[in-house]
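Structural characterization, general
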Amino acid sequence: MTAPLRIAALSAWHVHAEEYAREAQQHPGTELVAVWDEEPERGRALAESLGVEFAPDLEALLARQDLDGVTVTTATNVHREVIGKAIAAGKHVFTEKLLAPTVAEGEELITAAREAGVRLTVSLPRLAHGYALALRRVLEEGRLGRLTYSRVRLAHNGSTADWLPARFYDPVAAIGGAFSDLAAHPVYLTQLILGTDVQVSSATYTDMTGRGVEDNAVVTVTGADGAIGVIETGFVTPTSPFSIEVQGTEGSFQHGLGEGGGTSVDTGEGPVALDVPADAENPFAQWVEAIRTGEDTTENLERAQALTALVVAANAAA
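Keep in mind that what you see is a predicted model, and the values were worked out from it rather than measured.

What follows deals with helix α6 (residues 130-141). Look at α6: 17 Å from first C-alpha to last across 12 residues, which is about the 16 Å you get at 1.5 Å a residue. All of the buried residues along α6 are Gly-130, Tyr-131, Ala-132, Ala-134, Leu-135 and Val-138. The secondary structure elements touched by the buried residues of α6 are α8 (184-194), β11 (243-248), β12 (252-255) and β13 (263-266). Gly-142, located one to two residues past α6, shows a positive phi value of around 70°.

Written as structure tokens, this is what we have:
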């Protein structure tokens, strides 16, 4: 295939909807041709800002022979339905996390995509960032020894500053609050560190702004080897730095902590700054490459499923 892939953006529900749609405009291998939204007014506004057509009928849009793929940024609780329709129509799918509200539903979509010969990719962007690549290298080299502890924190002030849309506090549409949304990133990073088989030990959720879902959360997990992982998130902290801390029997890794907030390893002689590589291709670019080559983004889908499993377990524990 040499012509750009023709992409439609499905729904402006999620705050990253425009971001992914613009990726389709900016990537040299894709072009954005339409926007669909279950709420026409919201969809037309996004289509106008992007300078593309608004398509009011999802089935008619997916039936178009000149459409190759879609970005899905609907409410999480309709992912199975919308992604399922796109797959059934033979369209490639790039979707915001979570893939689906349950692991079983996610597996149905993965199986359907493979049977249909379409590429399905979930947006797990921080795995491609330079600090994550540096962390992966440190772990693979065993420089920290036997891992004992990890802590990953990602939070913002979306609730206290009131910039998140009200629909993000709908426990049905969003299948939860801050943990189901923002914590996805520290979850999959924790699973990168301690393994995808970690188990939820406890979950503490609070609703500090009275919107009906958690806007402040801490979840602890344990690994098979006894390591403890702490996952922190929230919508109520304006100056909280994104940070990663990993402790082992022979050293520690830090990112975003201390003076300068850099990336370092300490094996007993003080922190040594790491050479952080450039970011790898982001998930959208990985998806486009997978479409071109016909290869599944296997690790991405495995990590997406592990992410869903942990979020579901944490919500149940809370």
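Right, let's get into the packing of aromatic side chains. Scanning the entire structure with this criterion turns up 7 aromatic pairs. Considering the side-chain rings of Phe-94 and Phe-284, the 5.4 Å spacing of their centres and the 75° angle between planes classify their relative orientation as edge-to-face. Here Phe-94 is found in strand β5 (residues 92-95), whereas its partner Phe-284 is found in helix α9 (residues 283-293), with 190 residues between them in sequence. By the ring-pair criterion, three or more aromatic residues cluster together here, those being Tyr-20, Phe-94, Phe-284 and Trp-287.

Each regular strand displays side chains that alternate between the two surfaces of the sheet. Of all 9 residues that make up strand β7 (residues 147-155), 7 are buried, and the element is covered over most of its length. Looking at chain direction, β7 and β11 are connected through 6 bridges and run antiparallel. By the bridge assignment, Arg-153 is partnered in β11 with Ser-243. Note that β7 and strand β10 (residues 228-234) share 7 bridges and pair parallel. By the bridge assignment, Tyr-149 is partnered in β10 with Ile-228.

The strand order across the open sheet formed by 6 strands is β3-β2-β1-β4-β5-β6, and the pairing between neighbours is parallel. Bordering the open sheet on either side are β3 (53-54) and β6 (120-122), each of which pairs with just one other strand. Examined bridge by bridge, strand β2 (residues 30-36) and β3 share 2 bridges and lie parallel to one another. Each residue of the ladder has a partner; that of Ala-34, found in β3, is Glu-53. The sheet strands contacting helix α1 (residues 17-26) are β1 (5-10), β2, β4 (69-72) and β5, and the helix crosses β2 at an angle near 145°. The sheet strands contacting α9 are β1, β2, β4, β5 and β6, and the helix crosses β5 at an angle near 170°.

What follows is about the pairing of β4. Neither face of β4 is left uncovered, since the one carrying Gly-69 and Thr-71 and the one carrying Val-70 and Val-72 both have all their residues buried. In terms of strand pairing, β1 meets β4 through 4 bridges, oriented parallel. By the bridge assignment for β4, Ala-9 is matched with Thr-71. Once you follow β4 into helix α4 (residues 79-88) and on to β5, the crossover reads as right-handed.

Mapping Glu-23 onto the fold places it in helix α1. The side chain of Glu-23 is buried and forms no salt bridge, while Arg-22, the nearest opposite charge, is found at 11 Å. Leaving out residues up to four positions away in the same chain, Glu-23 has contacts with Thr-30, Asn-282 and Phe-284.

For α9, the set of buried residues is Pro-283, Phe-284, Ala-285, Trp-287, Val-288, Ala-290 and Ile-291. Taken together, the buried residues of α9 touch β1, α1, β2, β4, β5 and β6. Within two residues after α9, Gly-294 carries a phi angle of roughly 80°, on the positive side.

A sheet is described by the order of its strands in space; here 8 strands give the open sequence β8-β9-β10-β7-β11-β12-β13-β14, paired in mixed fashion. For this open sheet the edge positions go to β8 (199-206) and β14 (272-273), each flanked by a neighbour on one side alone.

Reading guide: rules and limits
Position labels on residues start from 1 in each chain and follow its written sequence. For a predicted model such as this one, the threshold for reporting local features is a pLDDT of at least 70, and the threshold for listing and counting side-chain atom pairs is 80 or more; totals across whole chains, interfaces and linings nevertheless cover every residue. Processing note: side-chain calculations cover all non-hydrogen atoms of the structure and skip hydrogens and water entirely. Strands are runs of DSSP state E lasting at least 2 residues, helices are runs of H or I lasting at least 4, and numbering of each runs from the N terminus. What a helix should span is 1.5 Å times the count of its residues minus one. Relative accessibility under 20% of the residue-type maximum defines a buried residue, over 50% an exposed one, and the middle range a partly exposed one, all with a 1.4 Å probe and only protein chains included. Residues count as neighbours in contact if any of their non-hydrogen atoms are within 4.5 Å of one another. Pairing of aromatic side chains requires ring centres within 6.5 Å, counting the rings of Phe and Tyr and the six-membered ring of Trp. Pairs whose planes differ by under 30 degrees are stacked, by over 60 edge-to-face, and all others tilted. Two strands are said to pair when DSSP picks up at least two bridges between them. As a rule, the C-alpha atoms of each element are fitted with a line to give its axis, helices using only the stretch in contact, and angles between N-to-C directions run from 0 to 180 degrees. Note on handedness: a clockwise path from strand one over the helix to strand two, with the strands aimed away from the viewer, defines a right-handed crossover. We count Lys and Arg on the positive side and Asp and Glu on the negative side, and we leave His and both chain ends out. Only one rule defines a salt bridge in this text: a Lys or Arg side-chain nitrogen within 4 Å of an Asp or Glu carboxyl oxygen.

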